[in-house]
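# Descriptive analysis of the structure
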Amino acid sequence: MDTFCLTYHGWDPKEQKLREALCTLGNGYLGTRGAAEENSNNEFNYPGTYIAGGYNRAKTEIAGRTLENEDLVNFPNWLCLSFRPEGGEWLNLEETEVLDYEQKLEMKKGILTRKFRIKDPHYRITSIESRRLVSMKDMHLAGIQWNFTPENWSGDIEIRTALDGTVINNNVARYRELENRHLKPLYSEVIDKDVILLLVRTAQSDITMAQAARTRIYTQEKKQLKTTVSSHQKDKYIEQVLGFHAEEGKKYTIEKVAAIYTSRDPSISEPSLEARKDIQRAGPFSEMLEKQQDAYQFLWHRADIGISGNKKVQQLVRLHIFHNLQTISPNTIPLDVGVPSRGLHGEAYRGHVFWDELYIFPYFNLRFPEITRSLLMYRYYRLDEARYAAKKEGYKGAMFPWQSGSNGREESQVIHLNPKSGNWIPDNTHLQRHVNAAIAYNIWNYYLTTEDRLFLSHYGAEIFLSIARFWAGKAKYNRDRDRYEIHHVVGPDEYHTSYPDSGEHGLKNNAYTNVMTAWVLQKALEILDLIEKSRKEELLLHLAIDEKELSLWKKISKKIFVPFIKDGIINQFEGYEQLQEFPWEEYREKYGDIQRLDRVLESEGNSPNTYKASKQADVLMLFYVFSKEELHTIFHHLGYEFKEDHIRQNIEYYKERTSHGSTLSRFVFSWVLSKYDKKQSWKNFKALLISDFEDIQGGTTPEGIHLGAMAGSLDLIQRNFAGLSIRDDALWIDPKLPDSIEEISLCINYRNHRICFTAGHEKLRIAFEEGWSDKMNIGVRDAIHEFNRGEMREFHLGLGTENNKD
Ligand code: BGC
């Protein structure tokens, strides 16, 4: 088994849309699903092409109101490539006899191959080997190469190559009642005998996209073939049909190269000018292939995580790394975009940016911190919008949206369709204000990993203080309790958005939100002491924060209310303890899969608000976000008793009450269980690893991969299994490998030092490969060791001692 490959054997139309999502190729700027190039959108084929940050807003009249949604636009399909033999039909695997079919994602090189042999009604057998890439090196280029052999026939054939802007956003069935036409025609042109150009513009956001495509045909002797050419154009569509005489047994190579630009791109004059220029300069496919391999070699050098002793885990880990890099890569840095939770792989959640960065950044911080920095800047550039949102609700500071898109406005839908019942129901999940805390937490952890003081004092601190200020305003003093409380919020568990039979939205004192608030306020004060004195003065003046306000932050950070049920069991929110227990077994028997309990209950006229039943980890998030030492400090600071044993009790309590309706839940459960119940932790890890690969939610992966869950699995390996932790003083490692894995090897970039680890059950090898300083401290188990640059050492884990020195 090649663990850098994902191979599918056999043509299976029903599985095709899942394969497409998992075979998406991207480069952090552009993503194209692994759809068949010969087909447009049909029952088993959905060719989606997305651009990072390529959104458009559209209005729809529905359920008696006008809704406005912002969607990640499905841009023109550049793949279109087909053939037709004389007297035959255009290639369509559904309507011809497929003799062999193999589809392979070659992750090491960033290439998708499809090999198939078909027999038409005239017994003509043809073989096609298709290779496709979206260039990681030249982010505006993509290409397809076909090796085409008429095995037992000769005759005239036609090759059709097109750019198709007639596409709509049609990937997610439950969005189909909403306006899904986002593209307007602009212009098309045959530029040269082998080059076509298409220009479209998004209807509201006015993003112009230019695509130029060059198609050439070569003989087996690598000579360019002279073909007949005809072209056809209609609104948003242009095609060329190239004709030639094919001879039995000969191989013909057809190469289509596309150049893609939008008016959002930095450093350009105008999209069509740039696309024309690039297509003229683009080399042959073989040259693109070479560059692609080089680019991927460098990426994998930083990104790979090696797993010995379990090939399946290794393959899926690489699949998760690969799809993270398709969505965010070094190409993303100049783009002013956030992380779409479903990648550039599909249209679920409309390409919006949620809090999933919390799960994604830990992997990137330790390998591509320059990318995380740019993704944090996406938030900085939208700080004013967040300030406006806070002000509109009567708060100071900044209130970032639960769902973010182009300009940082709240993009959450106000009603959504339950596909199970066909009802449009109110959606109050936007009350998840904890997204603010996640942004602050991400800033701090980026700083901790990189020591990037420039970022912290200039951008990070400003966002952080603005978030702290929001929380201080949101927290209200309750005299009876002598505690501060936060009302009208929703926690990470989206199944609870209000109290049963209450007309009001939101909940009181979600424990996770309250503890995060205490942390944010305390950390904000620490950051002020960390940055330069002059910058501190500048910021306080600029944000008009005075001593009185700072002392209020301090007070609130010590007096936030945290609800408990009993004996250390944290109450998910105030009043949760009074909800009914949910009859899990009865519902499992009745419905089988009840991950999406919200839909099941709504279709029965009921609601999860009635029950102690959560979609995903909520309270347990605290044990993921903070170490037990950190939690102990926070609770102590708040004046609550918190013992380590409480963690286990909370896990036991909430484990019984969670449906895992979000893939993120498996990640958190695997994480928190790892110290208490290795078997259950591994079970959750396995469910996390296969969640997209096997589409365990039954139909969600074809609508886009789950980037948070994918990156989370990588973070579990590095911080939990390999035991990496970053504390103020040093980088620490304390491996605790699951039994099913023999060895983990990975390299990280820690504060500009490249350090490689190989961790087994008995031994640990650490190499300080290169870095900005000559020496560095690395903690193994509980002792610090000083390493020189270029040094490699081995430790015996059983005894916690050093084995030898090089
Ligand atoms: C989860 C959220 C998550 C979102 C996007 C939802 O199903 O409940 O926590 O942010 O998906 O991934």
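Parameters and conventions
- Residues numbered from 1 in each chain as written.
- Predicted model: local features only at pLDDT ≥ 70, side-chain atom pairs only at ≥ 80, totals over all residues.
- Heavy atoms only, no water.
- UniProt positions renumbered as here; feature names shortened; annotations may be inferred.
- Helix = DSSP H or I, 4+ residues; strand = E, 2+ residues; numbered from the N terminus.
- Rg over C-alpha atoms; globule rule 2.2 N^0.38 Å.
- Buried < 20%, exposed > 50% of the residue type's maximum accessible area, 1.4 Å probe, protein only.
- Contact = heavy atoms within 4.5 Å.
- Areas by Shrake-Rupley, 256 points an atom, 1.4 Å probe, with all protein chains shown as cover.
- Lys, Arg positive; Asp, Glu negative; His and termini not counted.
- Charge placed at Lys NZ, Arg CZ, Asp CG, Glu CD.
- Pairing = 2+ DSSP bridges.
- Near = heavy atom within 4 Å.
- Polar contact = N/O pair within 3.5 Å; in protein donor to acceptor, adjacent residues only side chain to side chain.
- Nonpolar A, V, L, I, M, F, W, Y, C, P; charged D, E, K, R; others polar.
- Axes fitted to C-alpha atoms, helices over the stretch in contact; angles between N-to-C directions.
- Patch = residues over 30% accessible without salt bridge, like charges linked within 9 Å, V, L, I, M, F, W, Y side chains within 5 Å.
- Salt bridge = Lys/Arg side-chain N within 4 Å of Asp/Glu carboxyl O.
- Domains from an automatic or database assignment.
- Buried area = accessible area lost by both parts, 1.4 Å probe.
- Parallel < 35°, antiparallel > 145°, perpendicular 65-115°, else oblique.
- Core = buried A, V, L, I, M, F, W, Y, C linked by side-chain atoms within 4.5 Å.
- Left-handed = near helix turned anticlockwise from the far one by under 90°.
- Phe/Tyr/Trp six-rings, centres within 6.5 Å; stacked < 30°, edge-to-face > 60°.
- Expected span 1.5 Å × (residues − 1).

As recorded in an unreviewed UniProt entry, the protein goes by the name Glycoside hydrolase family 65 protein, listed as coming from Sinomicrobium pectinilyticum. According to the UniProt record, the Sequence similarities (unreviewed entry) comment for the protein reads "Belongs to the glycosyl hydrolase 65 family."

Moving on to the overall build of the protein. What the protein contains, in helices and strands, is 20 helices and 34 strands. The C-alpha radius of gyration of the protein comes to 28 Å, within 12% of the 28 Å expected for a compact globule of 806 residues. In terms of principal-axis extent, the alpha carbons of the protein reach across some 90 × 75 × 60 Å. Expressed as a percentage of its 806 residues, the buried residues of the protein come to 62%. Contacts in the protein between residues far apart in sequence, at least 24 positions, make up 68% of those at least 6 positions apart. If you sum the accessible surface of the protein, you get close to 31000 Å²; carbon and sulfur atoms cover 46% of it. On the protein, the mean spot of the 105 positive side-chain charges and the mean spot of the 116 negative ones are 2 Å from each other.

We now examine the sheet that holds strand 3 (residues 30-32). The three strands lie next to each other as 2-3-4, forming an open sheet whose pairing is antiparallel. Here the strands that pair on one side only, and so sit at the sheet edges, are strand 2 (25-26) and strand 4 (49-51).

Below, the discussion takes up the site of the ligand. Taken together, Ser341, Tyr349, Phe354, Trp355, Asp356, Trp402, Glu494, Lys615, Gln616, Ser662 and Leu664 make up all the residues around the ligand. Within the contact set of the ligand, an oxygen atom lies 2.9 Å away from a side-chain nitrogen or oxygen of Trp355. Residue Gln616 places a side-chain N or O atom 2.6 Å away from an oxygen atom belonging to the ligand. Relative to its free-state accessible area of 310 Å², the ligand is covered by the protein chains to the extent of 93%. For the shell around the ligand, the class distribution of residues is five nonpolar, three polar and three charged.

In spatial order, the strands read 7-12-17-16; together these four strands make up an open sheet with antiparallel pairing. With partners counted over all chains shown, the strands left at the sheet margins are strand 7 (81-85) and strand 16 (228-234), one partner each. For this sheet the average axis-to-axis angle between neighbouring strands, irrespective of direction, equals 20°. Across seven bridges, the pairing between strand 16 and strand 17 (residues 237-246) is antiparallel. By the bridge assignment, Val229 is partnered in strand 17 with Leu242.

Negative charge collects at one region of the surface, where Glu43, Glu89, Glu94 and Glu95 lie side by side. A residue is classified by how much of its surface remains accessible, and Glu43, at 76% relative accessible area, is exposed.

Turning our attention to the pattern of salt bridges. In the structure shown here, the tally under the stated rule is 56 salt bridges. Among the ionic pairs, Glu70 bridges to Arg57, the shortest N-O distance being 2.7 Å. Of the two residues, Glu70 is situated in strand 6 (residues 65-72) and Arg57 in strand 5 (residues 55-62); the sequence distance between them amounts to 13 residues. Here Glu70 matches Arg57 in class, with each residue buried.

A word on the domain arrangement of the protein. Looking at the assigned domains, one finds that the protein contains domain 1 (5-302), domain 2 (357-660), domain 3 (662-719) and domain 4 (731-805). Averaged C-alpha coordinates put domain 1 and domain 3 at centres separated by 32 Å. With 10 residues of domain 1 at the contact, the number on the domain 3 side is seven residues. For the domain 1 and domain 3 pair, buried surface summed over both sides reaches about 680 Å², with 65% attributable to carbon and sulfur atoms. Looking at the side of domain 1 facing domain 3, the largest losses of area belong to Leu18, Ala21 and Leu22, adding up to 55% of the total buried there. Where domain 1 meets domain 3, there are three residue pairs in polar contact (both at pLDDT 80 or more).

Within the fold, Gln233 resides in strand 16. Between the alpha carbons of Gln233 and Leu197 there is a distance of 10 Å; along the sequence they are 36 residues apart. For Gln233, the residues in contact, after removing those within four places along its chain, are Ser188, Glu189, Val190 and Ile238. Of note is the side chain of Gln233, whose polar atom sits 2.8 Å from the side chain of Ser188.

The contact between helix 5 (residues 357-365) and helix 8 (residues 434-450) brings their axes to 10 Å, and the two run at 10°. As summarised for this structure, helix 5 and helix 8 are arranged roughly parallel, according to the angle between their axes. Where helix 5 abuts helix 8, its residues Glu357, Leu358, Phe361 and Asn365 lie against Ala438, Tyr441, Asn442, Asn445, Tyr446 and Thr449. When the residues that make up the contact of helix 5 with helix 8 are grouped by side-chain class, the tally is five nonpolar, four polar and one charged.

Turning to the UniProt feature "active site" (unreviewed entry) in the protein, a few remarks are in order. Within the UniProt annotation, "active site" (unreviewed entry) is assigned to Glu494. Structurally, Glu494 is set in the loop between strand 23 (483-485) and helix 10 (511-530). Aside from chain neighbours lying at most four places away, what touches Glu494 is Trp402, Thr429, Gln432, Lys615 and Gln616.

Turning next to the nonpolar core. Ranked by internal contacts, the top residues of the largest apolar core, which has 212 residues, are Ile305, Trp355, Leu358, Phe626, Ile744, Ile755 and Ile766. Setting aside residues up to four positions removed in sequence, Ile755 forms contacts with Leu731, Leu746, Cys747, Ile748, Tyr750, Ile766, Ala767, Phe768, Met776 and Ile778. Counting 17 residues, the second largest nonpolar core, distinct from the first, contains Leu197, Ala210, Ala259 and Phe285.

On to the environment of Gln680. Among the structural elements, Gln680 can be located in helix 19 (residues 678-693). Remark: the alpha-carbon pair of Gln680 and Thr96, spanning 584 residues in sequence, is separated by 47 Å.

As a further point, take the packing of helix 6 (residues 369-380) against helix 8. When two helices pack together, you describe them by how their axes are tilted relative to each other and by the distance separating the axes. Where helix 6 contacts helix 8, the axes come no closer than 11 Å and their chain directions differ by 150°. With respect to helix 8, the axis of helix 6 lies roughly antiparallel. With respect to the hand of their crossing, helix 6 and helix 8 are arranged in left-handed fashion. Here helix 6 contributes Pro369, Thr372, Arg373, Leu376 and Arg379 to the contact with helix 8, which in turn contributes Ile439, Asn442, Ile443, Tyr446 and Thr450. Classifying every residue of the contact of helix 6 with helix 8 by side-chain character gives five nonpolar, three polar and two charged.

What follows covers the packing of aromatic side chains. Taken as a whole and judged by the stated rule, the model has 48 aromatic pairs. For the ring pair Tyr395 and Phe470, a centre distance of 5.3 Å and an interplane angle of 85° mean the geometry is edge-to-face. With Tyr395 in the loop between helix 7 (383-392) and strand 20 (415-418) and Phe470 in helix 9 (residues 453-474), the pair connects residues that are 75 residues apart, well separated along the chain. Between Phe787 and Phe795 the ring centres are 6.5 Å apart and the planes differ by 40°, which places this aromatic pair in the tilted class. Of the two residues examined, Phe787 and Phe795, each falls in the buried class.

As a further point, take helix 8. Taking 1.5 Å as the rise per residue, helix 8 with 17 residues should run 24 Å; its terminal C-alpha atoms sit 24 Å apart, in good agreement. Where burial is concerned, most of helix 8 is hidden: 17 out of the 17 residues are buried.

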